[in-house]
Amino acid sequence: MSVQQSDYETLLAEYSTRIGAIALLKQYRPYLEAIPSIRRPEQSLITIPLPVVRIRRPELASNDPLPTRTPRITTSIPCDLGILMCDPEWKIKMGAEIIVFIHRPEEDFSDLINRWRQTQVYLDQDYEWLMPPNEQHTFSEAAEEINPLFVVFEATSDRIKQGLAGAGFPFIVQSLNFDNFDQRSQQAPSSYLSSNGDGGVICDSTE
């Protein structure tokens with residue numbers, strides 16, 4: 001059974017909410033601990049599905065001896081979700097950014113990893129996020145640290161799961177219960193899975 005478009009869309013929609021994003025991070029404790037305020041987690045992060053950034057490119061104005069402004073290029077980032085940490089009091093973006101990649105239908109291992117590599121290239125520049133309408137006031141400059149998190153399905157091929165483990169990337173094997181979207185622990189080859197104790201199955205070969 002292959003990954004269906006509806007499966008992808010369901011997870012993308014769920015993780016786009018703050019509650020859904022927090023539930024996702026609970027399945028990978030190192031990223032959960034990056035939330036600035038555990039007491040007020042919903043006020044401590046911003047979710048941006050299918051994000052867009054503005055990249056500043058001063059070299060494009062190098063022929064102008066008196067440039068009046070730095071050119072900016074608006075670019076779509078090839079990830080599925082950006083999770084930005086922010087101070088719940090001052091509404092200032094801070095700390096690490098978590099970049100989520102959900103396995104897409106018909107996507108193979110190299111396609112999935114290449115999306116992360118392209119994201120690294122884009123975010124290795126001077127950039128700012130195009131923020132959601134209700135977060136326009138939040139300072140959105142580049143992060144101190146960028147961390148990937150991959151989400152795959154039971155139906156995702158073992159080749160992709162083994163490849164992610166071999167490359168040292170943290171990933172979560174996510175199941176779908178279409179009655180209540182219950183996120184449950186799933187079984188997969190023990191050679192690359194470990195339990196995080198929070199109801200999910202993760203792999204992080206760097207730990």
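## Comments concerning the overall build of the chain
Then, number 1: The secondary structure content of the chain amounts to five helices and 10 strands.
Then, number 2: Buried residues in the chain amount to 47% of all 207 residues.
Then, number 3: Contacts spanning at least 24 positions in sequence make up 65% of the contacts within the chain whose residues lie at least 6 apart.
Then, number 4: A total accessible area of about 10500 Å² is found for the chain, and carbon and sulfur atoms account for 49% of it.

## Quick word on unusual backbone geometry
Then, number 1: If you check the backbone angles, Leu50 has positive phi at about 45 degrees while not being a glycine.
Then, number 2: Of note, Leu50 is situated in the loop between strand 1 (45-49) and strand 2 (52-56).
Then, number 3: Despite not being glycine, Glu106 has its phi angle at roughly 70 degrees, a positive value.
Then, number 4: Following the sequence through the fold, Glu106 ends up in the loop between strand 5 (93-102) and helix 4 (109-122).

## Considering the sheet that holds strand 2
Then, number 1: Pairing in this open sheet of three strands is antiparallel, and the strands run 3-2-6 from one edge to the other. If you trace the sheet from one side to the other, it starts and ends with strand 3 (72-76) and strand 6 (127-129), each paired once. With strand direction ignored, the average angle separating the axes of adjacent strands in the sheet is 25 degrees.
Then, number 2: Pairing analysis gives five bridges linking strand 2 to strand 3, with the strands arranged antiparallel. Across the sheet, Val52 pairs through a bridge with Ser76, a residue of strand 3.

## Description of the packing of aromatic side chains
Then, number 1: All chains considered together, the criterion is met by five aromatic pairs.
Then, number 2: Between Phe101 and Trp116 the ring centres are 5.9 Å apart and the planes differ by 80 degrees, which places this aromatic pair in the edge-to-face class. Here the residue Phe101 occupies a position in strand 5, and Trp116 occupies one in helix 4, the gap between them amounting to 15 residues.
Then, number 3: Judged by its relative accessible area of 5%, Trp116 is buried.
Then, number 4: Put simply, the rings of Phe101, Trp116, Phe150 and Phe169 touch in pairs and so form one group of aromatic residues.

How each quantity is defined
Residues numbered from 1 in each chain as written. Predicted model: local features only at pLDDT ≥ 70, side-chain atom pairs only at ≥ 80, totals over all residues. Heavy atoms only, no water. Helix = DSSP H or I, 4+ residues; strand = E, 2+ residues; numbered from the N terminus. Buried < 20%, exposed > 50% of the residue type's maximum accessible area, 1.4 Å probe, protein only. Contact = heavy atoms within 4.5 Å. Areas by Shrake-Rupley, 256 points an atom, 1.4 Å probe, with all protein chains shown as cover. Pairing = 2+ DSSP bridges. Axes fitted to C-alpha atoms, helices over the stretch in contact; angles between N-to-C directions. Phe/Tyr/Trp six-rings, centres within 6.5 Å; stacked < 30°, edge-to-face > 60°.

Remember, this is a structural readout, not a statement about activity or role.
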